[in-house]
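For reference, the chains in residue letters:
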Amino acid sequence: MDIFDYMAKNRGDDESPLASRLRPSSLDEVVGQEHIIAPDKLLYRAIKADKLSSIIFYGPPGTGKTTLAKVIANTTKGEFKQINATIAGKKDMEAVVETAKQTLKMYSKKTILFIDEIHRFNKGQQDYLLPFVEDGTIILIGATTENPYFEVNAALLSRSAIFELKPLTRDNIRTLIQRAITDEKKGLGAFHAVISDEALEFLSDLANGDARAALNAIELAVLTTEPGDDGVIHIDIDVASECIQKRVIKYDKSADNHYDVISAFIKSMRGSDPDAAVYYLARMLYAGEDVKFIARRIMICASEDVGMADPQALVVATSAAQAVERVGMPEGRIILAEAATYVATAPKSNASYLAIDAALETVKNTVTGEVPRHLQNVHADSKGMERDQGYLYAHDFPNHYVRQQYLPDNLVGTVFYEPGELGYERRVREYLDMIHKDSSG
């Protein structure tokens, strides 16, 4: 590197985006991803000891894949090379491999090759790397936003450790924003800006786990906001909203408005208004509400308000909760909308809800009756012989039903569950009426 290259590099570092400048140079500076880089974790120990094998990082944008690669570059004693699969071709890889061979031969140093967006390489390009990964000429670090089990060759996967990076938490994003504002060397500390708690929470929420989005927004906010009368740049909620290009809506997760919106969402589904349900769902999603919280409310409504009128509503709601957790956002919005509209348009019954509450109240306020003898577990007499308890096996009778006492003596005739007239529950009512009529006749 000559003096001109050195000056260009320093000028580039100073003028590069905040998200790039603020990348940590050591493991101790990394925020988030504790599940793989906590001090007791394999990856942490391997980086510290400079004993890496080939690895693949995958996860959503802005979660730190390139950051971890840069940390490794600053830690390793080996040569570090980086290419991007969106613009690199086989010739670029051939050049890296040839240099790596010479470096290994002349200096006994391995080369770490970081390939960003590795899923963009076709099968032939990925296959080219195999022998050099196999013989240790290069140590591969691949980064991808796609599931590597679908997008990366099985042969490469078998030679690599796979680490999933997860979206950063709100606390992680908050920490990074505060670091960006106060760090005078790599961040925006020289501007002496201050950010309100409201704006900090807003950006932390709206970043949705993407550190780059949050840092780009705070950089734009600081660089485009004039100082106030006190000479200080104030980043308030309006500035934050403009810079992340999302409108602020009144939705405080710790205030009454939060409960008002979720209440309206539930009541809209209960009231069979899919349009209102989707509207309130959109308000919650736009404000950054936890999708797991929303999914739980849909499951509750499916059971409490739809119940046996359409038992599939709970199946749909539960499947949606699992799917949105696996898929994430933004696609998760479609899954939640499908579940919400299904519950909203399903026939309604709260009979199961009323039944369990009535039964609980009875258990609480009445003497606990003895389980009828014929329903008890089969007992043996003093001689070890099982005694006939008189239980009638329902499948031995027409319609797989026989009348016999199931409730304790003191509750005979008590009705807890009264099926309604809508949807599947109407069939339940008709079935119960039929077997009771047949058995009494």
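Coordinates for the structure precede this section.
This is a predicted model, so every value here is computed, not measured.

Each value, and the rule that gives it
- Here the residue numbering is sequential within each chain, running from 1 through the sequence in written order.
- The model is predicted, so local features are restricted to residues of pLDDT at least 70 and side-chain atom pairs to those at 80 or more, both for listing and for counting; the totals for chains, interfaces and linings are taken over all residues.
- Values shown for side chains rest on all heavy atoms present in the structure; no hydrogens or waters enter the calculation.
- Each reported salt bridge corresponds to a side-chain nitrogen of Lys or Arg within 4 Å of a carboxyl oxygen of Asp or Glu.
- Counting from the N terminus, the helices are the DSSP runs of H or I reaching at least four residues and the strands are the DSSP runs of E reaching at least two.
- Categorising residues by exposure relies on relative accessible area from a 1.4 Å probe, with only protein chains included: less than 20% of the type maximum marks a residue as buried, more than 50% marks it as exposed, and the intermediate range marks it as partly exposed.
- Axis definition: a line fitted to C-alpha atoms, over the contacting stretch in the case of helices. Angles run 0 to 180 degrees between N-to-C directions.
- Should an angle fall under 35 degrees it is called roughly parallel, over 145 degrees roughly antiparallel, and 65 to 115 degrees roughly perpendicular, with every other angle called oblique.
- Should the near helix be turned anticlockwise from the far one by less than a right angle, the crossing is termed left-handed; should it be turned clockwise, right-handed.
- Pairs of residues are marked as contacts when any of their non-hydrogen atoms sit within 4.5 Å.
- Three classes are used: nonpolar for Ala, Val, Leu, Ile, Met, Phe, Trp, Tyr, Cys and Pro, charged for Asp, Glu, Lys and Arg, and polar for all others, with Gly counted as polar.
- The definitions used throughout rest on a 1 Å grid laid over the protein atoms alone, on which a cavity is an enclosed set of points accommodating a 1.4 Å probe that cannot get out and a pocket is an open set flanked by protein within 12 Å on both sides along at least five of seven lines; lining residues are those having an atom within 4 Å of a point.
- Grid points are joined across faces, edges and corners, and a volume is the space filled by probe spheres set on the points.
- For patch building, the residue pool is restricted to those with more than 30% relative accessible area and no salt bridge; the joining distance is 9 Å between like charges and 5 Å between nonpolar side chains (Val, Leu, Ile, Met, Phe, Trp, Tyr).
- With residues, only the protein chains shown are counted as cover, and all accessible areas are computed by Shrake-Rupley using a 1.4 Å probe.
- Charged residues are defined here as Lys and Arg on the positive side and Asp and Glu on the negative side; His and the ends of the chain fall outside this count.
- Taken as the charge location is NZ of Lys, CZ of Arg, CG of Asp or CD of Glu.
- Here the expected length of a helix is defined as 1.5 Å per residue gap, with one fewer gap than residues.
- Residues adjacent in sequence count toward polar contacts only when both atoms are side-chain atoms; beyond that, a polar contact is any pair of N or O atoms within 3.5 Å, and within protein one must be able to donate a hydrogen and the other to accept it.
- Note on aromatic contacts: the rings of Phe and Tyr and the six-membered ring of Trp form a pair at centre separations within 6.5 Å, being stacked when their planes are under 30 degrees apart, edge-to-face when over 60 apart, and tilted otherwise.
- In plain words, nonpolar cores are sets of buried Ala, Val, Leu, Ile, Met, Phe, Trp, Tyr and Cys residues tied together by side-chain atoms within 4.5 Å.
- In this context, the arc is that of the directions from the helix axis out to the C-beta atoms.

Visitor: Tell me about the pattern of salt bridges, and name the residues and values.
Guide: Applying the stated criterion to the full structure yields 13 salt bridges. Ionic pairing is found between Lys-186 and Glu-29, a salt bridge with its closest N-O pair at 3.6 Å. One end of the pair, Lys-186, is in the loop between helix 10 (170–182) and strand 6 (194–195); the other, Glu-29, is in the loop between helix 2 (18–21) and helix 3 (34–37), with 157 residues separating them in the sequence. Residue Lys-186 is classed as partly exposed on the basis of its relative accessible area of 23%.

Visitor: Now, about the packing of helix 15 (residues 274–286) against helix 18 (residues 332–345): what can you tell me, with residues and values included?
Guide: It is at 9 Å that the axes of helix 15 and helix 18 come closest, and there the two elements cross at 150 degrees. Judged on the interaxial angle alone, helix 18 and helix 15 are roughly antiparallel. Helix-helix and strand crossings are classified by hand; for helix 15 and helix 18 the assignment is right-handed. Packed against helix 15, whose contacting residues are Pro-274, Ala-277, Val-278, Leu-281 and Leu-285, the element helix 18 presents Arg-333, Leu-336, Ala-337, Ala-340, Thr-341, Ala-344 and Thr-345 at the interface. The residue makeup of the contact of helix 15 with helix 18, split by class, is nine nonpolar, two polar and one charged.

Visitor: Tell me about the layout of surface pockets, and name the residues and values.
Guide: Computed from the structure, the largest pocket encloses a volume of approximately 1600 Å³. Lining the largest pocket are 40 residues, with Pro-60, Pro-167, Asn-208, Gly-328 and Met-329 sitting closest to its centre. Contributions of two or more residues to the lining of the largest pocket are made by helix 11 (197–206), helix 15, helix 16 (291–306) and helix 17 (312–327). The element that contributes the greatest number of residues to the lining of the largest pocket is helix 17, accounting for four residues.

Visitor: Report on a negative patch on the surface, specifying residues and quantitative values.
Guide: Together, Glu-198, Asp-236, Asp-238 and Glu-242 give the surface a local cluster of negative charge. Note on placement: Glu-242 falls in helix 13 (residues 237–243).

Visitor: How would you summarise helix 7 (residues 123–134) if you had to cite specific residues and measurements?
Guide: Between its first and last C-alpha atoms helix 7 spans 17 Å; for 12 residues at 1.5 Å apiece the expected length is 16 Å, and the two agree. Of all the positions in helix 7, only Gln-125, Gln-126, Tyr-128, Leu-129, Leu-130, Phe-132 and Val-133 are classed as buried. Residues of helix 7 that are buried in the fold lie against helix 6 (90–107), strand 3 (111–116), strand 4 (138–144), helix 8 (148–151) and helix 9 (154–158). Backbone nitrogen of Gly-124 and a side-chain oxygen of the N-cap are separated by 3.1 Å at the start of helix 7; the cap is Asn-122. Downstream of helix 7 by one or two residues, Gly-136 has phi in the positive range, about 85 degrees.

Visitor: Give a description of the packing of aromatic side chains that names residues and reports values.
Guide: Applying the stated rule across the entire model yields three aromatic pairs. Ring geometry for Tyr-128 against Phe-132: centres 5.3 Å apart, planes inclined by 55 degrees, an arrangement best described as tilted. Of this pair, Tyr-128 and Phe-132 are both found in helix 7, four residues apart, which corresponds to roughly one turn of the helix. With a relative accessible area of 18%, Tyr-128 lands in the buried category. With 5.0 Å between their ring centres and 65 degrees between their planes, Tyr-279 and Tyr-280 make a pair best called edge-to-face. The partly exposed category is assigned to Tyr-280, whose relative accessible area is 21%.

Visitor: So what's going on with the side chain of Lys-65? Residues and values would help.
Guide: Looking at the secondary structure, you find Lys-65 in helix 5 (residues 65–75). In this structure Lys-65 is buried but unpaired, with Asp-116 as the nearest side chain of opposite charge at 6.5 Å. Within the local environment of Lys-65, its side chain forms a polar contact with the backbone oxygen of Gly-59, the two atoms lying 3.1 Å apart. In this view, Lys-65 contacts Phe-57, Tyr-58, Gly-59, Pro-60, Ala-143, Thr-144, Thr-145 and Leu-165; residues no more than four positions away in its chain are not counted.

Visitor: Just give me the short version of the nonpolar core, but keep the residues and values in it.
Guide: In this structure, Ile-177, Ile-195, Leu-203, Leu-215, Ile-218 and Ile-235 are the most contacted members of the largest nonpolar core, which totals 33 residues. Take this core: its biggest share by element is seven residues, from helix 12 (residues 211–224). If we ignore the near neighbours within four places in the chain, the residues touching Ile-177 are Ile-195, Leu-200, Leu-203, Ser-204, Ala-214 and Ile-218. Counting residues in hydrophobic clusters, the runner-up holds 29 residues, among them Phe-265, Val-291, Ala-320 and Ala-340.

Visitor: Pulling in residues and values, what's your account of helix 17?
Guide: Compared with an ideal rise of 1.5 Å per residue, which puts 16 residues at 22 Å, helix 17 spans 22 Å between its outermost C-alpha atoms and is within 8% of the ideal. Of all the residues in helix 17, the buried ones are Ala-313, Ala-317, Ala-320, Ala-321 and Val-324. The arc that holds every buried residue of helix 17, seen down its axis, measures 100 degrees, which confines them to one face. Against the buried residues of helix 17 lie helix 16 and helix 18.

Visitor: Quick rundown of the packing of helix 16 against helix 17? Include the residues and the values.
Guide: One way to put it is that helix 16 packs onto helix 17 with a least axis distance of 8 Å and a crossing angle of 175 degrees. Here helix 16 is positioned roughly antiparallel relative to helix 17, judged by the angle of their axes. Mapping the contact onto sequence places Val-291, Lys-292, Ala-295, Ile-298, Met-299, Ala-302, Ser-303 and Val-306 in helix 16 and Ala-313, Leu-314, Ala-317, Thr-318, Ala-321, Val-324 and Glu-325 in helix 17. For the contact of helix 16 with helix 17, the per-class residue count stands at 11 nonpolar, two polar and two charged.

Visitor: Describe in detail the environment of Ile-244, supporting the description with residues and values.
Guide: By the secondary structure assignment, Ile-244 is in the loop between helix 13 and helix 14 (256–270). On the basis of relative accessibility, which here comes to 16%, the residue Ile-244 falls in the buried class. Look past the residues within four positions of Ile-244 in its chain and what remains in contact with it is Phe-202, Leu-203, Leu-206, Ala-207 and Ala-217.

As far as function goes, none of this settles anything; it's purely spatial.
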